Number of protein chains: 2
Amino acid sequence: MDRKVDTRSRILDIAEASVLDKGFEATSIEEIVAGAQISRGGFFYHFKDKNALARAMLERYIETEDLLYDDLFARARELNDDPLHCMLIGLKLLAEMLAEMPRGHPGCVIASTAYQDRLFDEGVRTLNRQAILGWRKRFRGMFEEIAKVYEPRETVNMDALGDMVSGVVEGGLVLQRALREHNNASEQIMLFRTYLKLLFAPKLS
Amino acid sequence: MDRKVDTRSRILDIAEASVLDKGFEATSIEEIVAGAQISRGGFFYHFKDKNALARAMLERYIETEDLLYDDLFARARELNDDPLHCMLIGLKLLAEMLAEMPRGHPGCVIASTAYQDRLFDEGVRTLNRQAILGWRKRFRGMFEEIAKVYEPRETVNMDALGDMVSGVVEGGLVLQRALREHNNASEQIMLFRTYLKLLFAPKLS
DNA sequence: TCCCAACTGTACCACGAGTCCAGTTGACCC
DNA sequence: GGGTCAACTGGACTCGTGGTACAGTTGGGA
């Protein structure tokens, strides 16, 4: 039984690394089995097809991403109890984290599948959707907490503002990939942070 | 000679529609030649491989996108000569345009190729990069004009702010694709517009 | 000792990209 | 009217990849 778990997660590790590097379509089963040192038959024993692999990867990725956000904002909360400052610290930590990741953060997985969605079945697409809706809910909640304390200087759609966190990260990652630069995503997050500072700044100015 | 030009752009039309709908990899040469009513041999007469097709598509796309921005902000300028208000009107027009496009705007082409870049050769990647750098320059210039008149309330990196236009559009399009909603990109642009309003607002408050 | 989950290995099919190439069509020119 | 050349057609072939099928091997636990 341990053997199975090992092999399965080894496949997922290799696949994830390769998908983040080259995209899903460009990642062949051949190279996964070579990397994981198993036979083709072994691969199909664990995953009935590439869709099943994609689903498993997304599930695992979303889980770790959620834990990462939990941890990030928990650490931020420890440093400051105020919801706005907690958010600002959390975003700073996120930006630092993004800057440290040379090949740039798994956020890609979502965009990567979104842009090739015809290759995937409904299960994968639903997972993708669920992940983004989850982040929307998370950040929307945090922004509402902030708005209770600091009245926003302009009225904004809170769902859209929640989405903006994901959107800015994803957009930043697209820029980063296309430009072959390394800190665009983190810069974009810092700009978004400035946005929040301005939006929720006390009215005295 | 006319025949050649016709066929070539017919191929590009069909390919572009299909790529925007399904992604590059999922678009087969088979279906392109079927749509364009030519033979496989005919396709390879015009494009030596799929990379050549991608390059031609990107070139054409970037050109029309640039013209679109030219037109958009020219119209905005006609309505208001002030650089900030011109920008705000232009973004509003952009948001409206994005909202009207059901399947969501060709911005995809850039992200789509960015996320499958191993499938493409250096020529395609360079084009991609050039496009984003072009937009950076364009918007950076506009923001600097604004900053001459309205001192920004927070110091921001102007290159990054320029990138943010592209980034917010691309990120919005990713959300839109993944969520299967239709107005995320336009909402995100409107939020970015609010950002600019706050950033360049006169200090009196 | 036997059993079963976790594999290996091989043979096989479908499909799409890309090559090669011989032949056809039609516009334009002498 | 005949020649030329660019713009094709059509078919045969290779190769890589996803996916199926299935028979056989291995190793740890009851």
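Check the entry above for the structure.
A quick note: this is a predicted structure, and the numbers were derived from the prediction, not measured.

Enquirer: For the relation of the copies chain A and chain B, give the residues involved together with the corresponding values.
Expert: For the pair chain A and chain B, the superposition axis carries a translation of 0.1 Å, the fit reaches an RMSD of 0.1 Å, and the rotation angle comes to 180 degrees. Read as a symmetry element, the transformation amounts to a two-fold axis. No C-alpha of chain A lies nearer the rotation axis than that of A:Gly171, which sits 1.9 Å from it. Take the interface residues of chain A: 98% of them recur as interface residues in chain B, which is what a same-surface contact looks like.

Enquirer: An account of the packing of aromatic side chains is requested, with residue identities and associated values reported.
Expert: Two descriptors summarise a pair of aromatic rings, namely the distance from one centre to the other and the angle between the planes of the rings. Residue and element names in this part refer to chain A. Summed over all chains, the structure comprises 19 aromatic pairs over all chains. Judged by centre distance (6.2 Å) and plane angle (85 degrees), the ring pair of Tyr69 and Trp135 falls under edge-to-face. Of this pair, Tyr69 sits in helix α4 (residues 50-79) while Trp135 sits in helix α7 (residues 122-149); the two residues are 66 residues apart in sequence, bridging distant segments of the chain. Ring plane angle 85 degrees and centroid distance 6.2 Å describe the contact between Phe192 and Tyr195, whose orientation is recorded as edge-to-face.

Enquirer: Describe the interface of chain A and chain B, naming the residues involved and giving the relevant values.
Expert: The interface is formed by 52 residues belonging to chain A together with 52 residues belonging to chain B. Buried surface at the junction of chain A and chain B, summed over both partners, amounts to about 4900 Å²; 61% is from carbon and sulfur atoms. Three residues, A:Tyr115, A:Leu191 and A:Leu198, lead the burial of chain A against chain B; their summed loss comes to 16% of the area buried on that side. Seen at the junction of chain A and chain B, the total is 4 salt bridges. A salt bridge links A:Arg136 to B:Glu181; the nearest nitrogen and oxygen atoms lie 3.3 Å apart. There are 12 residue pairs in polar contact (both at pLDDT 80 or more) connecting chain A and chain B. Of all the secondary-structure elements, those providing two or more residues to the side of chain A that touches chain B are α1 (2-22), α6 (108-114), α7, α8 (158-179) and α9 (184-199) of chain A. The dominant element in the side of chain A that touches chain B, judged by the number of residues it contributes, is α8(A), at 15 residues.

What counts as what
- Numbers given for residues are sequential positions, taken from 1 along each chain in its written order.
- A letter from A marks each chain and a number from 1 marks each ligand, given out in the order of writing.
- Thresholds applied to this predicted model are a pLDDT of at least 70 for local features of residues and 80 or more for the giving and counting of side-chain atom pairs; totals over whole chains, interfaces and linings are not thresholded and use all residues.
- Side-chain metrics rest on all non-hydrogen atoms present in the structure, leaving aside hydrogens and water.
- When the copies are superposed, the least-squares fit draws on C-alpha atoms of residues that have pLDDT of at least 70 in both.
- The criterion used for residue contact is that any of the two residues' heavy atoms lie within 4.5 Å.
- Side-chain rings of Phe, Tyr and Trp (the six-membered ring for Trp) are treated as a pair once their centres are within 6.5 Å; stacked means planes under 30 degrees apart, edge-to-face means over 60, and tilted covers the remaining angles.
- By definition, any uninterrupted DSSP run of H or I lasting at least four residues is a helix, any uninterrupted run of E lasting at least two residues is a strand, and each is numbered from the N terminus.
- As a working definition, buried area equals the accessible area (1.4 Å probe) given up by two parts on being put together, with both sides summed.
- What makes a salt bridge here is a side-chain nitrogen of Lys or Arg within 4 Å of a carboxyl oxygen of Asp or Glu, nothing more.
- Contacts described as polar in this section are N or O atom pairs within 3.5 Å, which, within protein, must combine one atom able to donate a hydrogen with one able to accept it, while residues neighboring in sequence count only if both atoms come from side chains.

Honestly, that's just the spatial picture; any functional story needs more than this.
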